[in-house]
Amino acid sequence: MKKKRPGNPFMSSGPRNLFIATIILVGSLAILYRLTDYSRHIQSIAYSTFLDKVERSQVKHVQIAGSEIYGVLKDGSRFETIAPAHPQEWNFLRSHQVEFSIGGQAGQLSIWYILPLISVLIALAALWYVMRQARGSNNSNSGGGNIFSMGKSRARLFMPSTIKETFNSVAGAAEAKEELQDVVDFLKNPEKYERLGAKMTRGVLLVGAPGNGKTLLARAVAGEANCPFFSVSGSDFIEVFVGVGAARVRDLFAQARKYSPSIIFIDEIDAIGRQRTGGIGGGHEERDQTLNQLLTEMDGFQTTGGSVIVIAATNRADVLDIALLRPGRFDKRVEVPYPDLASREEILGVHARSVKIATDVDLKKIARGTPGFSGADLANLINEAAIIASKNNQAEVTTKDFEEARDKVLLGKEIKTIALTEEDRKITSYHEAGHALVRLLVPEHTDPLHKVTIIPRGRALGVTHSLPEREKYTTTKEEMLASIAAALGGRAAEELVFGIETTGAYSDLVAATEIARKMVCLYGMSYLGPIIYTQRHGEFEYSERTAEKIDEAVYRIMEDSAKRARDLLDAHRDKLDALAQALLERETMFASEIYELLGIEPRVEHRF
Ligand code: ADP
Ligand code: ZN
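These numbers come from a predicted model, not from an experiment. (Residues numbered from 1 in each chain as written. Chains lettered and ligands numbered in written order. Predicted model: local features only at pLDDT ≥ 70, side-chain atom pairs only at ≥ 80, totals over all residues. Heavy atoms only, no water.)

Student: Give a detailed account of the site of ligand 1, specifying residues and quantitative values.
Tutor: Every one of the 16 residues lining ligand 1 counts as a neighbour, but Ala171, Gly211, Lys214, Thr215 and His351 are closest to it. Here an oxygen atom of ligand 1 sits 3.1 Å away from a polar atom, N or O, in the main chain of Gly213. One nitrogen or oxygen atom from the side chain of His351 is found 2.9 Å from a nitrogen atom belonging to ligand 1. In the complex, 79% of the free accessible area of ligand 1, which totals 560 Å², lies under the protein chains. Where the shell around ligand 1 is concerned, the elements lending two or more residues are helix 7 (214-225), helix 11 (341-352) and helix 13 (375-391). Each residue belonging to the shell around ligand 1 can be placed in one class, and the counts come to eight nonpolar, seven polar and one charged. (Near = heavy atom within 4 Å. Polar contact = N/O pair within 3.5 Å; in protein donor to acceptor, adjacent residues only side chain to side chain. Areas by Shrake-Rupley, 256 points an atom, 1.4 Å probe, with all protein chains shown as cover. Helix = DSSP H or I, 4+ residues; strand = E, 2+ residues; numbered from the N terminus. Nonpolar A, V, L, I, M, F, W, Y, C, P; charged D, E, K, R; others polar.)

Written as structure tokens, this is what we have:
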């Protein structure tokens, strides 16, 4: 229970009077506002009534702001209604001679709109004043309704009946959906897991660039599991007042437990989840407290029960505090990448359902022409095309409209995201094909191929994924050399095919050099012999002459491996071309597809 501390600033008369005065002021203004609202006779009508009125040509003018429609009838009376904002209805309005405008201020900017605003500003100022007073004597844990509702969570609660999204609403993203299926199962039937004492994942981190469906996926999990969904953004917790964010976290989890099984979705977790500062100096005390509270709540899951799943989204997993990623916290990480060709076509398909599209429109072709587009970009593309068609009074959206819309969306994207040029894509395809092929051609057991993609993820252009084949206790010299060759295969392919060296190979070089240096210095796997050369406390344990020799040994391993990769690719140029071409077309290929394409026997995969 809350304790009333002696000397609590709320009890002192100055700020308290100010507070009461503000409440009265705001209250009376609000009443006045409502009254004038009625005197202006703005009638709320059903959307269907609105459509009827349009059809009977009773509507003179409407103003559309988001999903709100304000309008004037021909007899001068005013009305408002709420509608799913949709460009299709614009044609309908036009065909009934209704003047309409979109966006901007709903209604006129009258004194009646400004007054409440001013009073709110006054109220905020008063609040700020009181809070500042409060901090003096009570600066820890001043939450939980203690200071008005500052400590209340800002999360929006969606009950299951209002969540329409399911996994079917999410196009593509097959891997992400598969990984989230566990979470859905748990939420549907928590007792089943808890009975056996299974420790379930309680935190899922969705990682990917904006607009690729992280929020959509989280809502779909709620939709699938038919459970309440609390949605909040990391920045909603951040407040200048120390303790407020922590209080909001506590309040949020308390609420979520009440509604359990439930989901908490924290968008932009990096706003609170950044590496902690340690609390000395700096202005990050508030954020650190908020993060600590989040960690405490998540740790409490195991003991206090309540089947709450926390799904967090970020585009910057690299800046997160590692404490967040420990077991029991966000220990499940799901990548939400830019959609590949097939996924883009699916996403276009989902969003095209709500517009009328001409039969000549080929969604596959549009998908082909939109590499680097996010899911949101594609949704936007369809919408823009529909707007263009509406403006031209067309009955259907045509291919031409899509082309125009594509340019418009691209213009908006500029260089914010990586919309690759055709040349870039070709080089990336060869680069990734080079990695994959060397991995397949070397006789040693490198980690087997999982999938290859030229879809940008994070800052890397393409990725060749391999999965560790078995729990490895030892690695042979040959295996290490093979890994180095595979890492250098990307650049080798670029050199071989285009005669160029690009910066794309940077992280490959870092990885390869690291392995080579370990071979020389730690494992005695070079001509320098079985000696360990280590660095301790920044002091070299070896002479400068030895350092030169080490560099030379590392250099030789790298040079030999680079040559090996080049020779392998040169000897199998036909395979390299075939794989690069296939990647260019399909963008993502799984190992089995690559084996099939190249006619290579897959290696026997070891299971532990
Ligand atoms: P994020 O949370 O990753 O920034 P959102 O989930 O908010 O992205 O996606 C924005 C919009 O883009 C969605 O509301 C949806 O219209 C569209 N979208 C993104 N990804 C997909 C997808 N895989 N399938 C269908 N629509 C998608
Ligand atoms: Zn590479």
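Next, the rest of the story.
Student: Which residues make up the coordination of the zinc ion (ligand 2), and what values do they have?
Tutor: Ideal values differ by geometry: the angle at a metal is 109.5 degrees with four tetrahedral donors, but 90 or 180 degrees with six octahedral donors. The coordination sphere of the zinc ion (ligand 2) contains the protein donors His431 (NE2), His435 (NE2), Asp508 (OD) and Asp508 (OD), at a distance range of 2.0 to 2.7 Å. With four donor atoms in place around the zinc ion (ligand 2) and angles of 52 to 146° between them, the coordination shape is irregular. Sequence positions of the residues that donate to the zinc ion (ligand 2) give the spacing H-x3-H-x72-D. Highlighted residues: His431 and His435, both in helix 15 (residues 422-441), separated by four residues, approximately one helical turn. A residue is classified by how much of its surface remains accessible, and His431, at 6% relative accessible area, is buried. (Donors = N, O, S within 2.8 Å, 3.2 Å for Na, K, Ca; no water. Tetrahedral: all angles 85-135°; square planar, octahedral: opposite > 155°, others 65-115°. Buried < 20%, exposed > 50% of the residue type's maximum accessible area, 1.4 Å probe, protein only.)

Student: Which residues make up the pairing of strand 2 (residues 59-65), and what values go with them?
Tutor: Note that strand 2 and strand 3 (residues 68-73) share six bridges and pair antiparallel. Following the sheet pairing, Gln63 is matched in strand 3 by Tyr70. In this antiparallel pair of consecutive strands, strand 2 and strand 3, the connection spans two residues, and Gly66 shows a positive phi of 65°. (Pairing = 2+ DSSP bridges.)

Student: So what about the environment of Ala246? Which residues, and what values?
Tutor: Secondary-structure assignment places Ala246 in helix 8 (residues 244-258). In this structure the C-alpha to C-alpha distance between Ala246 and Gly151, which are 95 residues apart in sequence, comes to 7.9 Å. Excluding its chain neighbours within four sequence positions, the residues that come into contact with Ala246 are Gln289, Thr290 and Gln293. (Contact = heavy atoms within 4.5 Å.)

Student: Run through the side chain of Ser262, naming residues and quoting values.
Tutor: Structurally, Ser262 is set in strand 9 (residues 262-267). When sequence neighbours within four positions are dropped, the list of residues in contact with Ser262 reads Leu187, Cys227, Pro228, Phe230, Ala256, Ser307, Val308 and Ile309.

Student: Kindly report on the packing of aromatic side chains, identifying the contributing residues and their values.
Tutor: Evaluated as defined, the whole model comprises six aromatic pairs. Ring centres of Phe229 and Phe265 lie 5.9 Å apart, and the angle between their planes is 20°; on these two criteria the pair is classed as stacked. Highlighted residues: Phe229 in strand 8 (residues 229-233) and Phe265 in strand 9, separated in sequence by 36 residues. Geometrically, the ring pair formed by Tyr430 and Phe498 is edge-to-face, given 5.5 Å between the ring centres and 85° between the ring planes. (Phe/Tyr/Trp six-rings, centres within 6.5 Å; stacked < 30°, edge-to-face > 60°.)

Student: Let's hear about the sheet that holds strand 8: which residues, and what values?
Tutor: In space, the six strands of this open sheet follow the order 6-8-9-10-7-11, with mixed pairing throughout. Edge strands, defined here as strands with exactly one partner in the open sheet, are strand 6 (156-158) and strand 11 (332-335). Sheet twist, expressed as the mean angle between neighbouring strand axes with direction ignored, is 20°. Inspection of the sheet shows strand 9 paired to strand 10 (residues 308-314) by five bridges, in the parallel sense. Counterpart to Ile263 in the pairing with strand 10 is Ile309. Where helix 7 meets the sheet, it contacts strand 6, strand 7 (203-207), strand 8, strand 9 and strand 10, and its direction lies at approximately 175° from that of strand 9. (Axes fitted to C-alpha atoms, helices over the stretch in contact; angles between N-to-C directions.)

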